[in-house]
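Coordinates in review
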Amino acid sequence: VNIAFGSIWDFDCLKVVPTNLGWKRDGANVMGRGVAQQAAARYPGLAQAYGQFCRLISTKPYEVVSLFMFNDLVLLPVKPLNREFPYLSWQQGASLPLIERSLAQLPRFTTLRDTVLPMIGCGNGGLDPKQVMPLIKQYLHEDRFTLVLLPGEQHLQEIQ
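Calculation rules
- Residues numbered from 1 in each chain as written.
- Predicted model: local features only at pLDDT ≥ 70, side-chain atom pairs only at ≥ 80, totals over all residues.
- Heavy atoms only, no water.
- Buried < 20%, exposed > 50% of the residue type's maximum accessible area, 1.4 Å probe, protein only.
- Helix = DSSP H or I, 4+ residues; strand = E, 2+ residues; numbered from the N terminus.
- Arc of directions from axis to C-beta.
- Contact = heavy atoms within 4.5 Å.
- Axes fitted to C-alpha atoms, helices over the stretch in contact; angles between N-to-C directions.
- Parallel < 35°, antiparallel > 145°, perpendicular 65-115°, else oblique.
- Left-handed = near helix turned anticlockwise from the far one by under 90°.
- Nonpolar A, V, L, I, M, F, W, Y, C, P; charged D, E, K, R; others polar.
- Phe/Tyr/Trp six-rings, centres within 6.5 Å; stacked < 30°, edge-to-face > 60°.
- Pairing = 2+ DSSP bridges.
- Disulfide = S-S within 2.5 Å.

Turning to helix H1 (residues 34–42), a few remarks are in order. Listing the buried residues of H1 in full gives Val35, Ala36 and Ala39. Axial view of H1: buried residues confined to an arc of 100 degrees, hence all on one face. Those residues of H1 that are buried are in contact with strand S2 (14–20), helix H2 (46–57) and strand S4 (73–79).

This is the structure we're talking about:
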């Protein structure tokens, strides 16, 4: 995976947005922090469309993780569904098994398109980048993938 510094919004290509698999009473996904919040602000209708998608796939087992495309965004689940309280799904920590299943699908889902992603699962998801980086390197080894780190995350490029 390539590494760049800045914001995923600086790039003219597909952008990966880490998400949860829940929805609110109105059916919209809770996209309240980080890159998800930025995406919802930039793309009206995104939270509603993704929330409907999450409800649709909620009956499937987690082994069948599905990514969601919206314009030039790929919504990538990192936090599982809280089945009892879907609207609280965003409060959970990120799940390494869910991230791995999502990353495994990403190369086929983006089919030869340049794609950027932030350090998924490590912000509001609470994971240590040392847990996530091996998965990113394993599944996104093609040259078309770029991990975009914030300027304060320069030390992460050394993680093997």
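Between helix H3 (residues 96–110) and helix H4 (residues 129–139), the shortest axis-to-axis distance is 9 Å and the interhelical angle comes to 20 degrees. Relative to H4, H3 is oriented roughly parallel. Considering the relative orientation of H3 and H4, their crossing is right-handed. Residue-level contacts link Leu96, Ile99, Glu100, Leu103, Ala104 and Pro107 of H3 to Gln131, Val132, Leu135, Ile136, Gln138 and Tyr139 of H4. Taken together, the residues of the contact of H3 with H4 break down into 9 nonpolar, 2 polar and 1 charged.

To continue, consider the packing of aromatic side chains. With the rule as written, the count across this model stands at 6 aromatic pairs. Measuring from centroid to centroid gives 4.8 Å for Phe53 and Phe68, while their planes differ by 40 degrees, and the two rings are tilted. Here Phe53 is found in helix H2, whereas its partner Phe68 is found in strand S3 (residues 68–70), with 15 residues between them in sequence. Accessibility classification places Phe53 together with Phe68 in one group, the buried group. Summarising the aromatic geometry, the rings of Phe85 and Tyr87 are spaced 6.0 Å apart at their centres and angled 75 degrees between planes, so their arrangement reads as edge-to-face. The exposure class assigned to Tyr87 is partly exposed, which follows from its relative accessible area of 41%. Aromatic ring contacts, followed pair by pair, group Trp9, Tyr43 and Phe70 into a single cluster.

Let us look at the pairing of S4. Among the 7 residues of S4, 7 are classified as buried, and the element is accordingly described as predominantly covered. Pairing geometry for S2 and S4, over 6 bridges, is parallel. Residue pairing in the sheet places Lys15 in a bridge with Leu73 of S4.

Before going further, it helps to spend a moment on the state of the cysteines. As enumerated under the stated definition, the model contains 0 disulfides in all. Cys122 takes part in no disulfide bond, and the closest cysteine sulfur to it belongs to Cys13, at a distance of 20 Å.

On to the sheet that holds strand S5 (residues 115–117), then. A sheet is described by the order of its strands in space; here 6 strands give the open sequence S1-S6-S5-S2-S4-S3, paired in mixed fashion. Both outer strands of the open sheet, strand S1 (2–5) and S3, are each paired with one neighbouring strand and no more. Taken pair by pair, the neighbouring strands of this sheet meet at an average axis angle of 35 degrees, ignoring direction. Two elements, S2 and S5, share 2 bridges in a ladder whose sense is parallel.

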